[in-house]
Amino acid sequence: DPYANDPVRHPALKVNSQRPFNAEPPPELLTENYITPNPIFFTRNHLPVPNVDPDTYRLHVVGAPGGQSLSLSLDDLHKFPKYEITVTLQCAGNRRSEMTQVKEVKGLEWRTGAISTAHWGGARLCDVLAQAGHQLCETEAHVCFEGLDSDPTGTAYGASIPLARAMDPEAEVLLAYEMNGQPLPRDHGFPVRVVVPGVVGARHVKWLGRVSVQPEESYSHWQRRDYKGFSPSVDWDTVDFDSAPSIQELPVQSAITEPQDGETVESGEVTIRGYAWSGGGRAVIRVDVSLDGGLTWQVAELDGEEQRPRKAWAWRLWQLQVPVPAGQKELNIVCKAVDDGYNVQPDTVAPIWNLRGVLSNAWHRVHVHVAP
Ligand code: MTE
Ligand code: MO
């Protein structure tokens with residue numbers, strides 16, 4: 001059993017699949033803390049968790065022509081200047097289960113928890129690439145990452161990002177060896193993973209083994225044959241994966257974590273909580289909440305840390321305390337966020353439905369009963 005060596009997981013996680021392990025924290029725990037505690041950070045593995053010996057670990061960085069290839073130990077990586085940033089990581093499949101309700105899709109049934117936030121520490125990718133002789137002259141090039149996890153044929157997990165993002169110090173791409181002040185947990189990429197702020201989870205390659213710069217995107221299945229969006233009209237007979245770009249930055253997102261769908265709330269006053277985030281460093285500027293299915297709206301209070309312009313890598317948590325009118329039997333709670341490009345979430349799922357169930361960011365709707 002290739003999974004026999006997988007780590008022990010926190011019992012509070014809602015498991016979507018055991019082998020490979022995929023799990024999300026329950027909504028009420030997800031927004032209890034601005035920084036998600038490591039044991040309940042959502043986990044998305046495609047393969048068994050590799051057992052990496054930190055003493056013999058080496059990160060291979062293929063050098064530029066005229067430069068030098070690097071074989072970096074963990075100690076070597078620690079010698080680069082250390083950077084620390086708070087970054088929210090979201091899977092492209094977050095909230096896929098709502099797409100399934102429209103029409104069947106292929107993928108794990110993530111609810112609202114395939115998203116979490118951590119304070120990451122590590123070396124900057126641009127510093128490591130510079131040491132290997134790479135420069136930003138090859139403007140159309142891509143930085144390819146390979147994990148140390150592999151399938152029975154020996155194929156490793158892989159993904160890529162444009163070299164322009166990798167070399168941009170303002171993009172703050174990290175080779176992270178710390179998560180919330182601890183060495184990375186095994187499920188999250190021990191000993192080194194990529195953290196690409198503002199970019200879909202699939203590019204944050206865990207158990208990083210190899211970095212190379214190529215004229216084209218990674219040839220990995222997960223770069224070329226997955227993690228792409230399509231029209232609702234495209235099905236598995238007609239899909240042409242080469243026709244769509246790989247997902248990099250993600251669209252604006254928000255969800256309600258309290259109360260939960262089907263719950264009964266006390267009359268008098270209700271507190272509504274949730275998260276909001278946008279890709280590409282775009283800040284969340286507002287979250288609107290409705291109790292009547294979207295007829296009337298109130299503006300929620302944004303908690304969590306202030307976001308830096310163009311570098312809003314982490315989510316905002318939000319809340320709204322509202323009176324529940326007497327005699328009200330039920331509430332149709334809805335939330336929607338706005339980012340600093342004034343991008344908004346679509347109101348319904350059907351027009352953004354796609355066969356892989358990615359990019360699910362319609363208004364989040366929760367129906368609750370009010371106690372008599
Ligand atoms: N890296 C490797 N090596 N193997 C993987 O299966 N999954 C990717 C990404 N990096 C994956 C990987 C996907 S799709 C996501 S959403 C994130 O890791 C999840 O990171 P997490 O498990 O730390 O939450
Ligand atoms: Mo993902």
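Since we're looking at a predicted model, the values are computed, not measured.

Participant: Hey, could you run me through the packing of aromatic side chains in this one?
Facilitator: Ring pairs (aromatic) are described by centroid distance and by the angle formed between their planes. Per the stated rule, a full pass over the model turns up eight aromatic pairs. Centre to centre, the rings of Phe42 and Trp110 are 6.0 Å apart; their planes meet at 90°, and the pair counts as edge-to-face. Taken together, the positions of Phe42 in the loop between helix 1 (27-30) and strand 3 (43-44) and Trp110 in the loop between helix 3 (96-102) and strand 7 (115-124) put the pair 68 residues apart, joining distant regions of the chain. As far as burial versus exposure is concerned, Phe42 and Trp110 are alike and both buried. Taken together, the aromatic side chains of Phe41, Phe42, Trp110 and Trp120 make up a single cluster linked through ring pairs. Taking NZ or CZ as reference, Lys106 lies 4.1 Å from the ring centre of Trp236, over its face. Over the ring of Tyr219 we find Arg224; its NZ or CZ atom is 3.9 Å from the centre of that ring.

Participant: Honestly, the sheet that holds strand 9 (residues 156-162) in this entry has me stumped. Any pointers?
Facilitator: Hydrogen bonds along the backbone pair up the strands of a sheet, which may run parallel or antiparallel. Spatial ordering of the open sheet is given by 5-4-13-8-9, a layout of five strands whose pairing is mixed. Of all the strands in the sheet, just strand 5 (70-72) and strand 9 have a single pairing partner and so form its edges. Neighbour to neighbour, the strand axes of the sheet diverge by 15° on average, direction disregarded. Direction of pairing for strand 8 (residues 142-150) relative to strand 13 (residues 208-214): antiparallel, over a ladder of six bridges. From the neighbouring strand, Cys144 faces strand 13, where its bridge partner is Ser212.

Participant: Could you clarify how one ought to interpret the pattern of salt bridges in this entry?
Facilitator: Where charged atoms from two side chains of opposite charge approach closely, those side chains can pair. In the structure shown here, the tally under the stated rule is 20 salt bridges. In this structure, Glu172 and Arg308 form a salt bridge, with 2.9 Å as the shortest nitrogen-oxygen distance. Of the two residues, Glu172 sits in the loop between helix 5 (163-167) and strand 10 (174-179) while Arg308 sits in the loop between strand 19 (301-302) and strand 20 (316-324), which places them 136 residues apart along the sequence. Judged by relative accessible area, Glu172 falls into the buried class, the value being 13%. For Arg225, the salt bridge goes to Asp242, with nearest N and O atoms at 3.2 Å. Residue Arg225 is located in the loop between helix 6 (221-224) and strand 14 (253-258), and its partner Asp242 is located in the loop between helix 6 and strand 14; the two are separated by 17 residues in the primary sequence. Residues joined in a network through salt bridges with shared partners are Arg165, Glu249, Arg282 and Asp339.

Quick notes on the rules
Residues numbered from 1 in each chain as written. Chains lettered and ligands numbered in written order. Predicted model: local features only at pLDDT ≥ 70, side-chain atom pairs only at ≥ 80, totals over all residues. Heavy atoms only, no water. Phe/Tyr/Trp six-rings, centres within 6.5 Å; stacked < 30°, edge-to-face > 60°. Helix = DSSP H or I, 4+ residues; strand = E, 2+ residues; numbered from the N terminus. Buried < 20%, exposed > 50% of the residue type's maximum accessible area, 1.4 Å probe, protein only. Lys NZ or Arg CZ within 6 Å of the ring centre and 35° of its normal. Pairing = 2+ DSSP bridges. Axes fitted to C-alpha atoms, helices over the stretch in contact; angles between N-to-C directions. Salt bridge = Lys/Arg side-chain N within 4 Å of Asp/Glu carboxyl O.

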